Amino acid sequence: MTDSAIISKIWNLANVLRDDGVSYGDYLEQITYLLFLKMADELNKPPYNKGLKFPRLKDVEGKQIKGGDFCDWETLSGKRGAELEAFYNQLLRTLSSEKGILGQIFTKSQNKIQDPAKLSRVINMIDQEKWSTMGADIKGKIYEGLLEKNAEDTKSGAGQYFTPRALIKTMVKCIQPKPMKTIADPACGTGGFFLASYDWIAENHKLDREEKEFLKNKAFHGNEIVANTRRLCLMNMYLHNIGEIEGESYISPNDALVADDGNRFDYVLTNPPFGKKSSYTVTNEEGEAEKEDISYNRQDFWETTSNKQLNFLQHIKTMLKVTGKAAVVLPDNVLFEGGAGEEVRKQLMKTTDLHTILRLPTGIFYRPGVKANVLFFDNRAASKEAHTKEIWFYDYRTNVHHTLKKKPLASSDLEEFVKLYNPKNRHKRKETWSEQNPEGRWRKFTYEEVLARDKTNLDIFWLRDKSLTDLDNLPDPDILASEIIENVESGLESFKDLLVTINKTSEEREITD
């Protein structure tokens, strides 16, 4: 069967199950469990003979049942009907209590395909292919396709864990990670930055044995607090030949912001989850669910704040080695917010070389209403002098129109940016903006110019918005409508944040009075 035929087959079954009320997210979870078991089964057979051990079924107290069935593919694929459903449920519960990557993959796992006949069809479909001998690019392509489809399912909220792959590849092209270096993502979602970095290093370097081993087992470190997303990340990585099936998990389930674990990395590439506030849900005295803000009081942070994005930015600075480099997707509020935001920007420019900001258009993220940027900075040793000398801005927002369905962001859209970024020698750059060419998108501002701006505001634009003057050349109506929706939703999000703050302040005043 050809690669495209396998992809088509998997998609068709996803649609059949969707009609039965199984969402793409649920389908993806089940595919993940079953693929993992099938590949482990293949690795236990010649020529691999890995000798991977799977436990017998466990009882409700977590003890293996004497003489119980083994929780492996061979046993699972041999069952049918009600027996299959019952065994699959027990298998998931048993494997969720195992250690290492195995346990992480099956954490909190549940059977979402209640019809044994449909479950049997999925098992048969996976059983027909030899996944271990299939190229990592093909397996990866299939799985990445499922992840993207899942991200489009806006009701599930999965989109916030999926960064557009074209943007990720562009960021990696600019950073150009090297072999034998560590790469971290404190909010790694489905592992997009790791996979793009892996591909970049493998394609642009002739790796020796030691370098290959490092890239496979030691290069990547991440945090992902959502169990389902962490599971997808581990599987995505494994399908790309990163990590070992019997190895330890390199994706921590801990909240990265809680504390500095002392580890330092050569590169941090990340897109922290959108949403301004760090919060958790509690049940109040009336039995109603309400959110409480979280402020992280850390000695290594310049400012204590409940703004999640500012906290991630401070944490990333801590994570970097003295020679480390970072590329981080952050929303506009990080560029202009006063108070803690202003101090964080000042400290960032002083202690690192914040050299480039890429302004992104709306319409490229699965969460609507997001206006974001990519900040590129290099860490530096402590010094009295500010390390940032000038900041280069590339405005890929003004007069740029994207929608997820009709005009999604492609790598080719950012080719000019990568060329102007000049990854091989970013100290040799040339502006495309000038007084003679005011439409140039590439412009630098000195440290002093930025510092002189109100609140050290980095929310800088200079291009003329043509939609305000050139009424004969407006974008198509559907693109305009999408942009209006994006702007309205962005405004609503801001009002929601404002309302939460006002209510919080009122409650605190009542308590004080």
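Scroll up for the structure.
Explain the overall build of the protein residue by residue, including any values.
Counting its secondary structure elements, the protein contains 17 helices and 11 strands. In the protein, buried positions account for 50% of the 513 residues. Accessible surface, the protein as shown: approximately 25,000 Å² in total, 49% of it carbon and sulfur.

Describe the pattern of salt bridges, listing the residues and the values that go with them.
The full count for this structure, using the stated rule, is 20 salt bridges. When the shortest N-O distance is used, the salt bridge between aspartate 41 and lysine 45 registers 3.1 Å. Accessibility expressed as a relative area gives 38% for lysine 45, which makes it partly exposed. The salt bridge involving aspartate 266 is made with lysine 321; its shortest N-O contact spans 3.2 Å. In this pair, aspartate 266 sits in strand β4 (residues 265–270) while lysine 321 sits in strand β7 (residues 320–331), placing the two residues 55 residues apart along the sequence. Aspartate 266 sits in the buried class, given a relative accessible area of 8%. Taking relative accessible area as the criterion, lysine 321 reaches 32% and is therefore assigned partly exposed. One network of salt bridges, with partners in common, ties together Lys325, Asp353, Asp378, Arg380 and Arg426.

Outline a nonpolar patch on the surface, supporting the account with residue identities and numerical values.
A cluster of nonpolar side chains, Ile484, Val488 and Leu492, forms an exposed patch at the surface whose accessible area comes to about 280 Å². As for its placement among the helices and strands, valine 488 is situated in helix α17 (residues 477–512).

Which residues make up helix α2 (residues 24–43), and what are the values?
Here α2 spans 28 Å end to end across 20 residues, near enough to the 28 Å set by a 1.5 Å rise per residue. In terms of residue burial, α2 counts as a mostly covered element, since 20 of its 20 residues are buried.

Provide a residue-level description of the packing of aromatic side chains, including the pertinent values.
Across all of its chains, the model carries 13 aromatic pairs by this definition. Their ring planes at 55° and their centres at 6.0 Å tell us that phenylalanine 36 and tyrosine 238 sit as a pair that is tilted. Residue phenylalanine 36 is found in helix α2, and its partner tyrosine 238 is found in helix α11 (residues 227–239); the two are separated by 202 residues along the sequence. Here the two residues phenylalanine 36 and tyrosine 238 agree in accessibility, since each one is buried.

Outline the sheet that holds strand β1 (residues 183–185), supporting the account with residue identities and numerical values.
Backbone hydrogen bonds hold the strands of a sheet together, and the pairing may be parallel or antiparallel. If you trace the nine strands from one edge of the open sheet to the other, you get β3-β2-β1-β4-β7-β9-β8-β10-β11, paired in mixed fashion. The strands lining the two open edges of the sheet, one partner per strand, are β3 (251–252) and β11 (442–446). The sheet contact formed by strand β2 (residues 220–223) and β3 spans two bridges and is parallel. Across the sheet, residue glycine 222 finds its bridge partner in β3, namely isoleucine 251. In the packing of helix α14 (residues 340–351) onto the sheet, the strands contacted are β8 (352–359), β9 (372–379) and β10 (390–395), and the crossing angle to β8 comes to about 120°.

Kindly report on α14, identifying the contributing residues and their values.
Taking 1.5 Å per residue, 12 residues should reach 16 Å; α14 reaches 16 Å between its end C-alpha atoms and fits that length. Burial in α14 covers these residues: Ala340, Gly341, Val344, Arg345, Gln347, Leu348 and Met349. Contact partners of the buried residues in α14: α12 (308–319), α13 (333–336), β8, β9, β10 and α16 (447–451).

Go over the nonpolar core, please, and point to the residues and values.
If you look at soluble globular proteins, the nonpolar side chains tend to sit buried side by side. One finds Tyr27, Leu167, Leu358 and Phe376 to be the most contacted residues of the largest nonpolar core, which totals 107 residues. With 12 residues, α2 is the largest single contributor of residues to this core. With residues up to four places along the chain from it excluded, the contact list for phenylalanine 376 reads Met171, Cys174, Ile175, Ala326, Ala327, Asp353, Leu354, His355, Thr356, Leu358, Phe417 and Tyr421. Counting residues in hydrophobic clusters, the runner-up holds 32 residues, among them Ile316, Val328, Leu354 and Phe393.

Summarise the side chain of asparagine 379; cite the residues concerned and give the values.
Its place among the elements puts asparagine 379 in strand β9. Classification of asparagine 379 as buried rests on a relative accessible area of 3%. Side-chain polar atoms of asparagine 379 contact the backbone oxygen of leucine 320, separated by 3.4 Å. Not counting residues within four places of it along the chain, the set of residues in contact with asparagine 379 comprises Lys317, Leu320, Lys321, Val322, Gly324, Thr351 and Thr352.

The rules we used
Residues numbered from 1 in each chain as written. Predicted model: local features only at pLDDT ≥ 70, side-chain atom pairs only at ≥ 80, totals over all residues. Heavy atoms only, no water. Helix = DSSP H or I, 4+ residues; strand = E, 2+ residues; numbered from the N terminus. Buried < 20%, exposed > 50% of the residue type's maximum accessible area, 1.4 Å probe, protein only. Areas by Shrake-Rupley, 256 points an atom, 1.4 Å probe, with all protein chains shown as cover. Salt bridge = Lys/Arg side-chain N within 4 Å of Asp/Glu carboxyl O. Patch = residues over 30% accessible without salt bridge, like charges linked within 9 Å, V, L, I, M, F, W, Y side chains within 5 Å. Expected span 1.5 Å × (residues − 1). Phe/Tyr/Trp six-rings, centres within 6.5 Å; stacked < 30°, edge-to-face > 60°. Pairing = 2+ DSSP bridges. Contact = heavy atoms within 4.5 Å. Axes fitted to C-alpha atoms, helices over the stretch in contact; angles between N-to-C directions. Core = buried A, V, L, I, M, F, W, Y, C linked by side-chain atoms within 4.5 Å. Polar contact = N/O pair within 3.5 Å; in protein donor to acceptor, adjacent residues only side chain to side chain.

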